[in-house]
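Structure at a glance
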Amino acid sequence: QKEVEQNSGPLSVPEGAIASLNCTYSDRGSQSFFWYRQYSGKSPELIMSIYSNGDKEDGRFTAQLNKASQYVSLLIRDSQPSDSATYLCAVVAGNMLTFGGGTRLMVKP
Amino acid sequence: NAGVTQTPKFRILKIGQSMTLQCTQDMNHNYMYWYRQDPGMGLKLIYYSVGAGITDKGEVPNGYNVSRSTTEDFPLRLELAAPSQTSVYFCASSFDLAGGLLTYEQYFGPGTRLTVT
């Protein structure tokens, strides 16, 4: 069983819509959760971190965490073509940061 | 600050050759990491270091070696290149807060694309 699971996509949304990216994890003891954005051919870039249950908002991005369900999500409001990228979910498990395989997001003008 | 820098950007190796991937950070971060990313896959941790002189294995260390003689530099050595080592390699660093609490917020270099044929 993979420790961090994401739907590989692609997830296609029209410009201006809300994109919803989901991630599940297996380690119930995980306390730290991150979302990275990776443009094609580039390195991952940290965009959100979340440590407590609930929502955390930063501009057009909202991270949501539900530890009971072992579920973390990223919402992107007013999606723009420049948001088209692969989004990697990362979870601290066993003192290591474990990455999911990523979800490819395509925002169509 | 340049952040995390990696050299070379691209490299083609023949089977059995050796090479060193260089990684340098200028943020005075104690923690440094090496990952590999295969096409369409997530990142797999190869080795990490919690400070100069201290290194430890990650998830996929076989075929690689590291050293950490300074805070800034964390080179990754491939001794006998194999086709299975064809991948993109990323170096990353992170900082610890006062009291030694690790943030796990990692900052990545631009990557080295390695092909072994």
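Right, let's walk through the structure included here. What you see is a predicted model; the values in this text were computed from it and never measured. (Residues numbered from 1 in each chain as written. Chains lettered and ligands numbered in written order. Predicted model: local features only at pLDDT ≥ 70, side-chain atom pairs only at ≥ 80, totals over all residues. Heavy atoms only, no water.)

Some words on the overall build of chain A
Defined as follows: Elements are defined by DSSP. Helices are runs of H or I of four residues or more, strands are runs of E of two residues or more, and each kind is numbered from the N terminus. We take the radius of gyration over the C-alpha atoms and set the globule estimate at 2.2 Å times the residue count to the 0.38 power. The contact rule is simple, with two residues in contact once any of their heavy atoms fall within 4.5 Å. Accessible surface is estimated by sampling points in the Shrake-Rupley manner with a 1.4 Å probe; for residues, cover comes only from the protein chains shown.
Of the regular secondary structure elements, chain A holds zero helices and 11 strands. The linear arrangement of helices and strands in chain A, starting from the amino end, is β-β-β-β-β-β-β-β-β-β-β. Taking 13 Å as the expected radius of gyration for a compact globule of 109 residues, we find that chain A reaches 13 Å, a close match to that expectation. In terms of overall dimensions, chain A has a C-alpha envelope of 40 × 30 × 20 Å along the principal axes. Contacts spanning at least 24 positions in sequence make up 53% of the contacts within chain A whose residues lie at least 6 apart. When the accessible surface of chain A is totalled, it reaches about 5200 Å², and 46% of it is carbon and sulfur.

A closer look at the sheet that holds strand 8 (residues 76-78) of chain B
All names here are of chain B. Applicable threshold: Two strands are said to pair when DSSP picks up at least two bridges between them. Each axis is a line fitted through C-alpha atoms, and for a helix only the stretch in contact is used; angles between axes span 0 to 180 degrees, taken between their N-to-C directions.
The four strands are arranged 1-3-8-7 in an open sheet whose pairing can be described as antiparallel. Sheet topology places strand 1 (4-7) and strand 7 (64-66) at the edges, where each strand pairs with a single neighbour. Between one strand axis and the next, the sheet turns through 20 degrees on average, direction left out of account. As paired strands, strand 3 (residues 19-25) and strand 8 are joined by three bridges and run antiparallel to one another. Along strand 8, the bridge assignment pairs Leu21 with Leu76.

Regarding the packing of aromatic side chains
Cut-off, in case you're wondering: Pairing of aromatic rings covers Phe, Tyr and Trp, the last counted by its six-membered ring, and requires centre-to-centre distances within 6.5 Å; plane angles under 30 degrees mean stacked, over 60 mean edge-to-face, and any other angle means tilted.
Applying the stated rule across the entire model yields 10 aromatic pairs over all chains. For the ring pair Phe99 of chain A and Tyr35 of chain B, a centre distance of 5.5 Å and an interplane angle of 85 degrees mean the geometry is edge-to-face. You can see Phe99 of chain A sitting in strand 10 (residues 96-99) and its partner Tyr35 of chain B sitting in strand 4 (residues 31-37), one on each of two chains. Considering the side-chain rings of Tyr35 of chain B and Phe108 of chain B, the 5.7 Å spacing of their centres and the 40 degrees angle between planes classify their relative orientation as tilted.

Comments concerning the pattern of salt bridges
All names here are of chain A. Put simply, the rule reads: When a carboxyl oxygen of Asp or Glu lies within 4 Å of a side-chain nitrogen of Lys or Arg, that pair is called a salt bridge. Three labels apply to residues, based on accessible area from a 1.4 Å probe with only protein chains included: buried if under 20% of the type maximum, exposed if over 50%, partly exposed otherwise in between.
The full count for this structure, using the stated rule, is six salt bridges over all chains. The closest approach of N and O atoms between Arg37 and Glu45, which form a salt bridge, is 3.0 Å. According to the relative accessible area criterion, Arg37 is buried, its value standing at 13%. As a salt-bridge pair, Glu57 and Arg77 come within 3.4 Å of each other at their nearest N and O atoms. Remark: Arg77 occurs in the loop between strand 8 (71-76) and strand 9 (85-93) and Glu57 occurs in strand 6 (residues 54-58); sequence separation between them is 20 residues.

Looking at the state of the cysteines
All names here are of chain A. Put simply, the test is: Note on terminology: disulfide denotes any pair of cysteine sulfur atoms within 2.5 Å.
For the structure on display, the rule yields two disulfides over all chains. Here Cys23 is linked by a disulfide to Cys89, with a sulfur-sulfur distance of 2.1 Å. Looking along the S-S bond of the Cys23-Cys89 disulfide, the torsion reads about -70 degrees, which is the left-handed sense. Here Cys23 is found in strand 3 (residues 19-25), whereas its partner Cys89 is found in strand 9, with 66 residues between them in sequence.

Considering the nonpolar core
All names here are of chain A. Condition: Nonpolar cores are built from buried Ala, Val, Leu, Ile, Met, Phe, Trp, Tyr and Cys residues. Side-chain atoms within 4.5 Å join them into one set.
In terms of nonpolar packing, the biggest core is built from 23 residues, with Trp35, Val72, Leu74, Ile76 and Tyr87 touching the most fellow members. Every element with two or more residues in this core is listed here: strand 3, strand 4 (33-38), strand 5 (45-50), strand 7 (61-66), strand 8, strand 9 and strand 11 (103-108). Contact partners of Tyr87, with chain neighbours within four places excluded, come to Gln6, Leu21, Trp35, Tyr36, Arg37, Ile47, Leu74, Ile76, Gly102, Thr103 and Leu105.

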